[in-house]
Amino acid sequence: MKTSFIRKGLAALATIAIAAPALAGDMVTLRMSTPASETDQRSLALADVFAPAVADFATYEPHYNASLIKQNSELEAIASGDLEMSIASAQELAQYFPEFSIFATGYVHQDAEHQVRVFNDALMDPFKKTVEDELGIKLLAVMYLGRRHVNLRQSKDELTVTTPADLAGVNLRMPGTDAWQFLGKALGANPTPMAFTEVYTALQTGSVDGQDNPLPTVVDAKFFEVTNQIALTSHLVDLNYVAFSKAVWDNLSADQQATVKAAAETAAESGRKAQLQKEAELVSFLEEKGLAIYEPDLKAFREHVQSQYVGSEFAASWPEGVLDKINALGK
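If you're wondering where the values come from, they're calculated on a predicted model, not measured in any experiment. (Residues numbered from 1 in each chain as written. Predicted model: local features only at pLDDT ≥ 70, side-chain atom pairs only at ≥ 80, totals over all residues. Heavy atoms only, no water.)

Glancing now at the nonpolar core. Counting 58 residues, the largest nonpolar core has Phe-100, Phe-103, Leu-139, Leu-167 and Tyr-241 as the members making the most contacts within it. Residues contacting Phe-103, with those up to four places away along its chain left out, are Ala-90, His-109, Val-118, Leu-123, Met-124, Phe-127, Leu-239, Tyr-241 and Ile-326. (Core = buried A, V, L, I, M, F, W, Y, C linked by side-chain atoms within 4.5 Å. Buried < 20%, exposed > 50% of the residue type's maximum accessible area, 1.4 Å probe, protein only. Contact = heavy atoms within 4.5 Å.)

Right, here's the structure in full:
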């Protein structure tokens with residue numbers, strides 16, 4: 001089904017590229033659809049840094065809270081010519097290209113700087129080319145989302161998370177892709193697929209026991225109002241890629257292309273710095289809100305999660321030697 005859609009998407013893109021050539025002086029509208037809020041650091045970086053940098057030839061038009069395109073449908077929208085930009089996760093891309101699951105694997109990326117080194121390394125070239133050739137999407141930069149932790153409704157007295165065994169039976173909201181669901185199981189929980197926009201109410205009503213996100217997202221989405229603890233599992237140094245329509249890209253001049261790429265990279269760096277600073281400040285804020293915040297046995301989690309991937313269908317799709325190259329770029 002996906003392969004069929006991709007071929008249809010490519011045909012649509014070819015039609016767009018032929019039927020709508022860029023004209024000198026044309027202003028390009030860049031619609032960005034994201035499930036993130038307007039105050040999310042990624043949203044702020046793109047609005048405050050990317051948009052002004054391309055303003056001479058493009059109008060940046062952001063749509064927040066999945067108000068334009070349903071979450072997890074953005075890549076299809078770009079491929080079909082109905083959207084120009086999104087911030088795409090490795091988990092989303094793994095739906096089309098299973099090899100991308102390596103970038104959504106627990107305890108693979110070490111930190112924000114490691115993410116950038118990996119994205120800019122030659123090892124990423126085949127990944128980028130596949131997305132460009134098959135979906136008609138260029139990956140321009142990597143954005144740091146943060147270290148994901150387990151955030152629960154239960155108090156620490158009711159449930160203290162020390163090892164993955166403690167998460168047995170816990171309904172943990174995870175996005176609905178296979179890669180996300182596998183990670184939830186690898187953590188020891190019962191992963192529950194759910195759109196991000198539904199999570200607050202689900203936590204409030206007890207439809208789920210918890211969710212996993214970086215601390216800034218916990219604050220931005222006000223999950224601290226409906227949860228009682230955060231176990232600092234740091235199980236995923238999460239990322240998004242700035243995804244850009246190749247049909248639009250191909251209609252830009254070489255100078256405009258260079259400006260767009262530089263703007264995306266500068267915005268990503270701005271967002272990365274802001275997110276890292278925000279993470280460092282938020283533990284005390286959340287503790288003041290009454291949440292218990294503590295670190296579980298990270299060695300137990302790391303060993304358990306990695307053991308779940310070894311021999312799994314996800315690891316089977318990883319190109320030979322890529323994990324070793326990723327590790328070699330670490331500290």
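Our focus in this paragraph is the packing of helix α2 (residues 41-53) against helix α11 (residues 254-288). Where α2 meets α11, the axes come as close as 8 Å, and the angle between the chain directions of the two elements is 145°. For the crossing formed where α2 meets α11, the hand is right-handed. Of the residues in α11, those touching α2 at Gln-41, Ala-45, Leu-46, Val-49, Phe-50 and Ala-53 are Thr-259, Val-260, Ala-263, Ala-264, Thr-266, Ala-267, Ser-270, Gly-271, Ala-274, Gln-275 and Lys-278. A class-by-class count of the residues in the contact of α2 with α11 yields ten nonpolar, six polar and one charged. (Axes fitted to C-alpha atoms, helices over the stretch in contact; angles between N-to-C directions. Helix = DSSP H or I, 4+ residues; strand = E, 2+ residues; numbered from the N terminus. Left-handed = near helix turned anticlockwise from the far one by under 90°. Nonpolar A, V, L, I, M, F, W, Y, C, P; charged D, E, K, R; others polar.)

Evaluated as defined, the whole model comprises twelve salt bridges. Across the salt bridge formed by Arg-31 and Glu-84, the nearest N and O atoms sit 2.7 Å from each other. Here the residue Arg-31 occupies a position in strand β1 (residues 28-33), and Glu-84 occupies one in the loop between α3 (74-79) and β3 (85-88), the gap between them amounting to 53 residues. Overall, the relative accessible area of 9% leaves Glu-84 in the buried class. With a shortest N-O distance of 3.1 Å, Glu-132 and Lys-138 are connected by a salt bridge. On the basis of relative accessible area, Lys-138 is assigned to the buried category, the value being 16%. (Salt bridge = Lys/Arg side-chain N within 4 Å of Asp/Glu carboxyl O.)

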